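Observations on chain architecture
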Amino acid sequence: NGLFASAVTSLAAMLLKVVVLESASGAYLDMNAELRAAGSASALAALVGGVAAHPSPDYVTALRQAGVRTRAVGVATIALTASVLASGLPLMNVLPRPLLGSLLMANGVELT
């Protein structure tokens, strides 16, 4: 049924992204380890109401071209996000609404 089809589609998409990353980086990636890491991250995200986790070939390729060879950027992103969430600051009240609207429009145009 629908849940099984969704799981199979997510698995196929994840495998394709890992293959693209492997091809772009020229390094061998352990499929089992990558799938376990993504599955664990997705399960953890589901517990707190988040979305499924997966590697982003574009993001990783851009970081590699910039000379980044460690996971420090990901760790810093997690730390920054966690600190904003822990502060309790309603970020949407601080950002100007036209900025948020233009971000939504840019994402919509990017999807088409």
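Per chain, residues are indexed from 1 in the order of the written sequence. Side-chain atom pairs in this predicted model are given and counted only at pLDDT of 80 or more, local residue features only at pLDDT of at least 70, and totals for whole chains, interfaces and linings cover all residues. Side-chain measures were taken over the full set of non-hydrogen atoms in the model, leaving aside hydrogen atoms and water.

1. Some words on helix α1 (residues 2-25)
- The numbering of helices and of strands both runs from the N terminus, where a helix is a DSSP run of H or I of at least 4 residues and a strand a run of E of at least 2. Each residue after the first adds 1.5 Å to the expected span of a helix. Its 24 residues place the ends of α1 34 Å apart at the C-alpha level, agreeing with the 34 Å of an ideal helix rising 1.5 Å per residue.
- Partly exposed describes any residue whose relative accessible area lies between the buried limit of under 20% and the exposed limit of over 50%, with all areas from a 1.4 Å probe on protein chains only and scaled to the type maximum. Listing the buried residues of α1 in full gives Met14, Val18 and Leu21.
- Throughout, a contact is declared for two residues whenever any of their heavy atoms are within 4.5 Å. The elements touched by buried residues of α1 are α2 (31-47) and α3 (57-65).
- Phi for Gly26, located one or two positions after α1, is positive at around 75°.

2. Structural notes on the environment of Leu89
- Relative to the helices and strands, Leu89 is located in the loop between α4 (72-87) and α5 (91-94).
- In the structure, Leu89 is positioned 54 residues away from Leu35 in sequence and 34 Å away in space, judged by C-alpha atoms.
- Every residue in contact with Leu89, bar those within four places of it in the chain, is listed here: Val84 and Val94.

3. Focus: the environment of Ser23
- By secondary structure assignment, the location of Ser23 is in helix α1.
- The exposure class assigned to Ser23 is exposed, which follows from its relative accessible area of 60%.
- Residues Ser23 and Pro57 lie 34 residues apart in sequence; the distance between their C-alpha atoms is 9.9 Å.

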